[in-house]
Structures are given as structure tokens and as C-alpha cells.
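# Structure at a glance
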Protein chains: 2
Amino acid sequence: MVATDKFKKTPQTDKFNLSAYLKERQQLCEIALDRSIPVVYPETIYESMRYSLLAGGKRVRPILCLATCEMTGGTIEMAMPTACAVEMIHTMSLIHDDLPAMDNDDYRRGKLTNHKIYGEDIAILAGDGLLAYAFEFVATQTPQSVPRDRVLHVVARLGRALGAAGLVGGQVVDLQSEGKADISLETLNFIHNHKTAALLEACVVCGGILSGVSAEDLQKLTRYAQNIGLAFQIIDDILDITATQEELGKTAGKDLKAQKVTYPSLWGIDESRIKAQQLIEAACAELDSFGDKAQALKAIAHFIVNRSN
Amino acid sequence: MVATDKFKKTPQTDKFNLSAYLKERQQLCEIALDRSIPVVYPETIYESMRYSLLAGGKRVRPILCLATCEMTGGTIEMAMPTACAVEMIHTMSLIHDDLPAMDNDDYRRGKLTNHKIYGEDIAILAGDGLLAYAFEFVATQTPQSVPRDRVLHVVARLGRALGAAGLVGGQVVDLQSEGKADISLETLNFIHNHKTAALLEACVVCGGILSGVSAEDLQKLTRYAQNIGLAFQIIDDILDITATQEELGKTAGKDLKAQKVTYPSLWGIDESRIKAQQLIEAACAELDSFGDKAQALKAIAHFIVNRSN
């Protein structure tokens, strides 16, 4: 399989058991997320927030945050509140994106979407609640050992990653591009740099901010994150097509059906795969100065491009 | 008129020109809010955020924040980013409340609501964008002269005021109480303590946090704010009825039409007005130790109970 071949290209990852690492971190995140939101009166809103927040997933975003903090000399404890916050923000964006007024999706990860269970009104409020709580959680739960200016820097980065200069802006251009077959590579890059890469970048960068890295290292982390963010999206686009080809008898993939311009539609599948691989190599090269400590982030980068779902 | 009589009860406010004070502060807030969000690509989302943020209003919330910061020894400059943030949060809650899935309102302050102009999808995103930006704005724009732990404390308070333990929680109980004629005073208090008072309290308390008040003074500010918050809502309920009585030939007030339990429906109008006045007196008494410096906040408290819209 391609996945195995690609892994062998990066010697550092050979001795690193990524699967065990991801499983362990995922469990830590699940415990922290479960504890983050207790159910009190009015129960409905907390249950709705928990329904989507605890709906599973690979927890790539919080794991990236924890891994970066550890690589740069910090601890899991320092980064866990921020790791939970990025998952709250990610979850909020999924709840609102799934609404009838937006993408109108009934299912996500095989489960009914939030508004199908709780109604549109509660789903909108659950998103708002998660968003507000993400910032409160970072501000109140980050250990006192982390200097307050770093925590404030994290708040600012999360706000930017989420707002009109990030996720929200990307979603707006995506909505405006729907059904248009002639959107440019520039527009496509804007959408994904904002919809997908901005939050992934914030995860990585905030991990570094919490441990107090230099401006130079912060730049390296930023370039690492931007590269894996774009690769992540290219692979998403490819999977939308290849998953369809395997499922014969079904209608074409979601992007194809929506006449969406994607990287494979611009470059073809093979060229897209090569570009994704190049982005991952470039991302990993940014981390060379961190030596062996970078093995987790490098392995995660390769995992992103080699994943099958 | 009642308004004039009530004013004379508080000697400090006689020599204080509240009308000029509010006008001046309102203008400062308008300028700061206008500057806070520039229009860049993708323009639609910034225009949508600005449409609702700059739609006028008395700017009571930001003015409360500025006034508290000044009363407790701080400056307007220290509090202005937080003042703008509370107005962004307030605006976001109005945009989402007006959505078809929530209260389904077409007009607010005589203007079409956000989703009637920009569509539901953009309106949801404009709310999300304002919310994210509120936190980013406080974190990045508060002058460096304010210690970072205070700014972080403000972030935490704003998050709590907005989330499931504040505004969002109040809105959920309000939605669940619709059409029920038998809701208790306890439930009614919960709705308003969360939907209205929580953010008003945050405005006042954050103004004090920024100037670094003692824990004891913070308690006084909290009680002042809780009292004016409840009085504010009682007066809102009364105005919904009296405005209707003056406009003969029209159907009953919005609350009455929606069979909402309100303070006047529980206590009657006269008793409600007395309770509101008592709350304002109690609020002002909390500020006695601040001497003459408290005249603006005391005058604002009386303004809230004597307003006609």
C-alpha cells in the first residue's frame, strides 16, 4: 500500500510507534473533554454541547497542540485546556456548518447532526455556548505556571483562527463559490487556508506559545502547520473521489455532485497526491532543528497524508 | 412625570448632566466600534458584522464598562476594547436571536434584521465572527499598561457571561418556557438573570477588573450590576405593556401575545415599578463608598428605570 511506502521515506518515524502514541493522546483528550463540560441546569444545552463535542473523531487538532507544546519544552498539562478549546471551536464550526441554512447535513460521523436531535434553535445556541466556553476555558484552566501574557496570546490566536480572518471567512467564500465551476486556484487556496489550515495552524502555534518558544521557532511552527493544513485538504479532496470510485452503484462524491472545484479537479489525482507529499516533506524539514523531539509531529504529518478517512 | 420625581430622590445626580454625559460617551463608542472592524476580503461578512454592530442603540453596555473603569481609577483607554467587545457580544446575541429558527424577527430598531439582508447563512456566520472577534479584540487591543492577568480575567468573565452559564443558558430556558402560562418566579428570574443581567454584570465588573479594584469593591460592583440588571428587565416588561396601551387599535404587546409570564403579569404594573425603583436604590447604595465619583453610575441606574424605550 502507498501508506507503508510513504512512511519508510522518513527514517525518524520508523522507530516511533505512532499508532500507540495517537491512541494514548486520544484517550487523554477524551477524558479531558468529558470533564470539561458538566451537565447542570438547563440540562438541554449542556447535553447538546456534549453530544457533538464527545462524538468521537481522531482528535487531530488537540493532539497537534499537545505534541507541539511537548516538543518545544512544555508539558501536556500546560496545553490541555487549549487543546480542549480547539476541539470545542472545531465542534462549534461543524454544528453551525451542518445547519439547514448552511450545508444542511443530517449525519456526521454516522450520527444524526446536532440540530436533528435538539432542533435548530438549540443547535445554534450549542455552537455559541461552545465558542464562548472555549475562551473561558483557556483563560481559567491554563495552569498558573504559564505566564499570563502567553495565555492571552493564545486567546488572540484562537479568536483570529475562528473569526472572519479565519474559519468564518473561509466558510463565507466557500458558500459564495458553490455551483461556480470557474473558481480560481487563488480562491480555492483562500477557502482552505481559512476553513481548514487556520485552525490547524492555531493548534500548533498555540502549543508553541504556551511553552514560550522564540519568534524564530514560532515561524517554523507556522510554516509546518500551513503545509500540513494544505496537505490535509488536498487529501480530503482526493478521498472524496476515491471513496466514491470504490463504492460503485452510488452517486458521485459530494464535491463532484456539488460541482465544487477541488485540487484533484484542477490537478488530477496523481499530481494532487505528489503535491500533498511535497507539502508534508517541506513541513517536516521545518522541524529538523528540533531533532528527535520532532518525531511525533513529523509522524503526524505523514499520517495526515496517508490516512484513508 | 414620574421620571423627574424619581431623579430628585438622588441629590448627587442633580448637578450631573447625564444627557450630555451619555451623548459624549455614545459618540466615543460609535467611533471606536466603527474603527474596530475594517472591511476587507471577503467583504460580505465584514459588511454583515458592521451592519448590525453599527445599527445604533443607546450603547448602555459599553458606557457602563467605561464608567465603572473610570470610577474605580482607570481610564477610558484601558476599558474601550472591552467596551467594544461587550457590544460585539450583545450584537451577536441579537443577530442569532432574530433568526427564523429562534424568535424569527424581521425588524430590529426599525431596520431589517441581519438575515433579512444577508441571508441566514451569513447571519449565523456574522454572529460567530463577532463573537470570536470580541475575544481577539480584548486580547490584542487592551493597552499594555493593563497587567495581563486582569485582561485574562476579563476574557474569562466575558466567556461566562455569554455561554451556557449566561446569555445562552437564559435563552434556552426562555425558549423552553414559551407558551407556558405557569412558569414560576424562580424560572423567570433565571431567564432574566442570564439573558439580560449576566452581560450587564460583566460590563460593570470587567470595568473594575481592568482598573484593578479590590475583591471587596468587585463584590459591590457585582451587586450594583445585578440590581440594575433585574430592574432593566422589569422596566422592559412594563414598557411592553404600556407602549401597547398607548398605541390603541393595535394588537396586544409582544409578551402578552406570546402568553409570556412577565414581572407585571405576576405583580401588576404598579408593584413592578416599585420593585424596580427599590432595586435601583439598592444598586446606588452599593456605590456610596466611591463618593462623588459614583455619580455617573448612579445616574445611569436611575436612567434605566426611568427610560421610555
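Provided above is the structure to which this section pertains.
Now for a description of the structure that goes with this document. Everything numeric here is computed off the predicted structure, so don't read it as measured data.

Now for the overall build of chain A. For chain A, the count of helices and strands is 15 helices and two strands. Across the 309 residues that make up chain A, the buried fraction comes to 59%. A fraction of 73% describes how many contacts in chain A between residues 6 or more apart in sequence connect residues 24 or more apart. In the form shown here, chain A has an accessible surface area of approximately 12,600 Å², with 50% of it arising from carbon and sulfur atoms.

Between its first and last C-alpha atoms helix H5 (residues 76-98) of chain A spans 32 Å; for 23 residues at 1.5 Å apiece the expected length is 33 Å, and the two agree. With respect to burial, H5 of chain A is a largely interior element, 22 of its 23 residues being buried.

Residue and element names in this part refer to chain A. Between tyrosine 41 and the following residue, proline 42, the backbone shows a cis peptide bond with an omega angle of -5 degrees. Summarising the element assignment, proline 42 is placed in the loop between helix H2 (18-36) and helix H3 (43-53). Here the phi dihedral of arginine 59 falls at roughly 60 degrees; this positive angle occurs in a residue that is not glycine.

Moving on to the side chain of glutamate 87 of chain A. Residue and element names in this part refer to chain A. Secondary-structure assignment places glutamate 87 in helix H5. With a relative accessible area of 3%, glutamate 87 lands in the buried category. Residues within four places of glutamate 87 in sequence aside, it is in contact with Leu33, Leu53, Arg59, Arg61 and Pro62.

Another point: the pattern of salt bridges. Residue and element names in this part refer to chain A. Inspection of the entire model under this criterion finds 22 salt bridges over all chains. Between glutamate 70 and arginine 25 there is a salt bridge; the shortest N-O distance is 2.4 Å. With glutamate 70 in helix H4 (residues 60-71) and arginine 25 in helix H2, the pair connects residues that are 45 residues apart, well separated along the chain. For glutamate 70, a relative accessible area of 30% corresponds to the partly exposed category.

Our focus in this paragraph is the relation of the copies chain B and chain A. The two copies are related by a screw operation: chain B maps onto chain A through 180 degrees of rotation and 0.0 Å of translation along the axis, at an RMSD of 0.0 Å. The operation mapping one copy onto its partner corresponds to a two-fold rotation axis. Of the residues that chain B buries at the interface, 100% are likewise interface residues in chain A, meaning the two copies contact each other through the same surface.

With that settled, the discussion passes to the packing of aromatic side chains. One pair of aromatic rings is described through two measures. These are the centre distance and the angle between the planes. Residues and elements named next belong to chain A. Taken as a whole and judged by the stated rule, the model has eleven aromatic pairs over all chains. Between the aromatic rings of tyrosine 133 and phenylalanine 137, the centroid separation amounts to 5.5 Å while the plane-to-plane angle is 45 degrees, which identifies the pairing as tilted. Taken together, the positions of tyrosine 133 and phenylalanine 137, both in helix H7 (residues 120-141) and four residues apart, correspond to about one turn of that helix. Overall, phenylalanine 137 belongs to the buried group, its relative accessible area being 9%. We note lysine 111 situated over the ring of tyrosine 51; from NZ or CZ to the ring centre the distance is 4.3 Å. Taking NZ or CZ as reference, lysine 275 lies 4.6 Å from the ring centre of tryptophan 267, over its face.

With that out of the way, let us pick up the interface of chain B and chain A. Of the residues lining the interface, 45 residues belong to chain B; the matching set on chain A comes to 45 residues. Seen at the junction of chain B and chain A, the total is zero salt bridges. At the junction of chain B and chain A, the tally comes to eight residue pairs in polar contact (both at pLDDT 80 or more). Only helix H3 (43-53), helix H5 (76-97), helix H7 (120-141), helix H8 (148-162), helix H9 (167-177) and helix H10 (185-211) of chain B provide two or more residues apiece to the side of chain B that touches chain A. Counting residues per element, the side of chain B that touches chain A draws most heavily on H7 of chain B, which supplies 13 residues. Of the residues belonging to the side of chain B that touches chain A, the class tally is 28 nonpolar, ten polar and seven charged.

Turning our eyes to something else, we now look at H3 of chain A. Given 3.6 residues per helical turn, the α-helix brings residues three or four places apart onto the same face. Where burial is concerned, most of H3 of chain A is hidden: eight out of the eleven residues are buried. By the burial criterion, the buried members of H3 of chain A are Ile45, Tyr46, Ser48, Met49, Arg50, Tyr51, Ser52 and Leu53 of chain A. Where H3 of chain A is buried, its residues contact H2, H5, strand E2 (111-112), helix H6 (114-118) and H7 of chain A together with H9 of chain B.

Residue and element names in this part refer to chain A. Two elements in contact, H2 and H4, have axes separated by 10 Å at closest approach and are oriented at 105 degrees. Comparing their axes, H4 and H2 come out roughly perpendicular. In this structure, H2 uses Tyr21, Leu22, Arg25, Gln26 and Cys29 to contact H4, whose residues at the interface are Pro62, Ile63, Leu66, Ala67 and Glu70. Across the contact of H2 with H4, the residue classes break down as seven nonpolar, one polar and two charged.

The rules behind the values
Residues numbered from 1 in each chain as written. Chains lettered and ligands numbered in written order. Predicted model: local features only at pLDDT ≥ 70, side-chain atom pairs only at ≥ 80, totals over all residues. Heavy atoms only, no water. Helix = DSSP H or I, 4+ residues; strand = E, 2+ residues; numbered from the N terminus. Buried < 20%, exposed > 50% of the residue type's maximum accessible area, 1.4 Å probe, protein only. Contact = heavy atoms within 4.5 Å. Areas by Shrake-Rupley, 256 points an atom, 1.4 Å probe, with all protein chains shown as cover. Expected span 1.5 Å × (residues − 1). Salt bridge = Lys/Arg side-chain N within 4 Å of Asp/Glu carboxyl O. Least-squares fit on C-alpha atoms with pLDDT ≥ 70 in both. Phe/Tyr/Trp six-rings, centres within 6.5 Å; stacked < 30°, edge-to-face > 60°. Lys NZ or Arg CZ within 6 Å of the ring centre and 35° of its normal. Polar contact = N/O pair within 3.5 Å; in protein donor to acceptor, adjacent residues only side chain to side chain. Nonpolar A, V, L, I, M, F, W, Y, C, P; charged D, E, K, R; others polar. Axes fitted to C-alpha atoms, helices over the stretch in contact; angles between N-to-C directions. Parallel < 35°, antiparallel > 145°, perpendicular 65-115°, else oblique.

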